[in-house]
Amino acid sequence: MKTLLKITLLGFLLIITFSCSKDDSSDTPVIPEATVTNMSPLSGPKTTVVTFTGTNFGTDVNAVQVFFDAIEATVQNVTDTQIQTTVPPRAFEGEVTLIINGTEITGFTFEYIIVDINVSTLAGSTRGYTDGNSLNARLDSPFDIASDGQGNFYIADSFNNRIRKITPDGEVSTLAGNGQQGFEDGIGTDAQFFLPLGLTTDNVGNIYVADTFNHRIRKITPEGVVSTFAGNGEQGFEDGIGTNAKFSQPNGLFIDSSGNVFVADRNNNRIRKITSEGIVSTIAGSTAGFANGTGTAAQFDAPTGITMDSEGNLYVADSVNHKIRKITQNGEVSTIAGSIQGFADGTSNIAQFNVPQKITIDNQRNLYISDLANNRIRKITQEGIVSTLAGSTVGFVDGTATNAKFNTPNGIVIDNSRTIHVTDVNNHKIRKITQE
């Protein structure tokens, strides 16, 4: 009897345990996977309200994240079939990513429209030479600017014959050069330059300088050690290795990820290449003039600026021809914008420049040019449309794009947030252009 009672009781307990297990599992909710079928609108400026429609979104705002160009947006409202969010500033690249209840959804793109462009002063006061706080520091005809990816900027402070540095917190210091016009390799202020007009930086912190009137390309290590990378100081034209090569007033520089330095060799009317081993060759150009073609069949007239896109194409500010040129990897030279000397926005074949100097490029392959004698910063889209980004008549004014004024802008560099920094030569300042 006792044995039968024990068996009955054990069976009862097993039934209860099994029933509880079934009840527990049935209480666990199964969340269906979200799907997004539509996004509207597809373009707009910052703060645009974008609505996503689909299914299984839930209603928890905290379970939904939306990113425009990897920048997280503010989610305003969520229903099971609709998400409303606000486009954040500077979401330039267009890719949209949603994370809904842990599920990542991609495949939508948003065309960001820039509506606010403002010009301010980053560094410089009156003409002269003083280190210190950025707005108290003094520069003398800064001709070019480069950045190192760490928020530092380097300035070819040309008439001071120095290379200056601006830290992210706005401190201006002298990296190299003692102010005396001359030629000397050495450390920091023991070195000498002669009107340096061009700069570029590599990915390990070295700075390359177009020491224009010494007809050399110089190198500065992060520790401030200055050496001669290429050129023997004799003005002329000769390809070769290192200091056997000759340049004639080299100007704009660009370095690629392999350590090749590209030189706009102004008075030789050529685009030169220096490998990381110091071998100098000519990519394109010959005598002064204007001609499209391949390699030495092409002609430039005083090229001063150079940059490269992600596919290895070079872009050149051909200053005296008042045009922007393109060089493919096989050396084919074409004209992408510019007609006669002057000022005109519009399609590439009717646009006009007036002594374009330096050039830079953003991640969407828009080009930005310092249009020196027009005192403006110009933009060329991939489709070849030329517009004025900032600037008007000659002078000095900070403010909105069309109200701002420059006085012979020259060096130009852009970062991933599309903030542009410009050397404003005859205002002896570094200007900053923000876009939102």
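Procedures and definitions
- Residues numbered from 1 in each chain as written.
- Predicted model: local features only at pLDDT ≥ 70, side-chain atom pairs only at ≥ 80, totals over all residues.
- Heavy atoms only, no water.
- Phe/Tyr/Trp six-rings, centres within 6.5 Å; stacked < 30°, edge-to-face > 60°.
- Helix = DSSP H or I, 4+ residues; strand = E, 2+ residues; numbered from the N terminus.
- Buried < 20%, exposed > 50% of the residue type's maximum accessible area, 1.4 Å probe, protein only.
- Lys NZ or Arg CZ within 6 Å of the ring centre and 35° of its normal.
- pLDDT = per-residue confidence, 0-100.
- Contact = heavy atoms within 4.5 Å.

1. A look at the packing of aromatic side chains
Then step 1. Here the structure, examined in full by the defined rule, presents five aromatic pairs.
Then step 2. Centroid distance phenylalanine 68 to phenylalanine 110: 5.5 Å. Interplanar angle 80°. Geometry classified as edge-to-face. With phenylalanine 68 in strand S4 (residues 64–68) and phenylalanine 110 in the loop between strand S9 (103–109) and strand S10 (111–112), the pair connects residues that are 42 residues apart, well separated along the chain. Taken as a pair, phenylalanine 68 and phenylalanine 110 share a single burial class, namely buried.
Then step 3. Both rings, one in tyrosine 208 and one in phenylalanine 229, keep their centres 5.2 Å apart while their planes meet at 65°; by these two values the pair is edge-to-face. One end of the pair, tyrosine 208, is in strand S19 (residues 207–211); the other, phenylalanine 229, is in strand S21 (residues 225–230), and 21 residues separate them in sequence.
Then step 4. We note arginine 216 situated over the ring of phenylalanine 183; from NZ or CZ to the ring centre the distance is 3.7 Å.

2. Points about unusual backbone geometry
Then step 1. Put simply, serine 40 and proline 41 share a cis peptide bond, and its omega is -5°.
Then step 2. The residue proline 41 is located in the loop between strand S1 (35–40) and strand S2 (43–44) in this model.
Then step 3. Not every positive phi belongs to a glycine, and serine 141 is a case in point at roughly 60°.
Then step 4. Among the secondary structure elements, serine 141 is positioned in the loop between strand S12 (132–133) and strand S13 (142–147).
Then step 5. Residue serine 141 is classed as buried on the basis of its relative accessible area of 4%.
Then step 6. Unusually for a residue other than glycine, histidine 322 sits at a positive phi of about 60°.
Then step 7. Along the chain, histidine 322 falls in the loop between strand S29 (314–318) and strand S30 (323–327).
Then step 8. The exposure class assigned to histidine 322 is buried, which follows from its relative accessible area of 10%.

3. Regarding the confidence of the model for the chain
Then step 1. Per-residue pLDDT for the chain has a mean of 93; in total, 93% of the residues score no lower than 70.
Then step 2. Taken together, the stretch residues 1–26 has pLDDT below 50 and engages in zero contacts with residues farther than four places along the chain or on a different chain.

4. Here we look at the environment of threonine 109
Then step 1. Relative to the helices and strands, threonine 109 resides in strand S9.
Then step 2. Apart from the residues lying within four places of it in its own chain, the contact partners of threonine 109 are Met39, Leu42, Gly94 and Val96.

5. Side note on the environment of methionine 39
Then step 1. The residue methionine 39 is located in strand S1 in this model.
Then step 2. With relative accessibility at 3%, the residue methionine 39 sits in the buried group.
Then step 3. Measuring from C-alpha to C-alpha, the distance between methionine 39 and alanine 230 comes to 54 Å, with 191 residues separating the pair along the chain.
Then step 4. With residues near it in sequence (within four places) discarded, methionine 39 still touches Val50, Thr51, Phe52, Val96, Phe108, Thr109 and Phe110.

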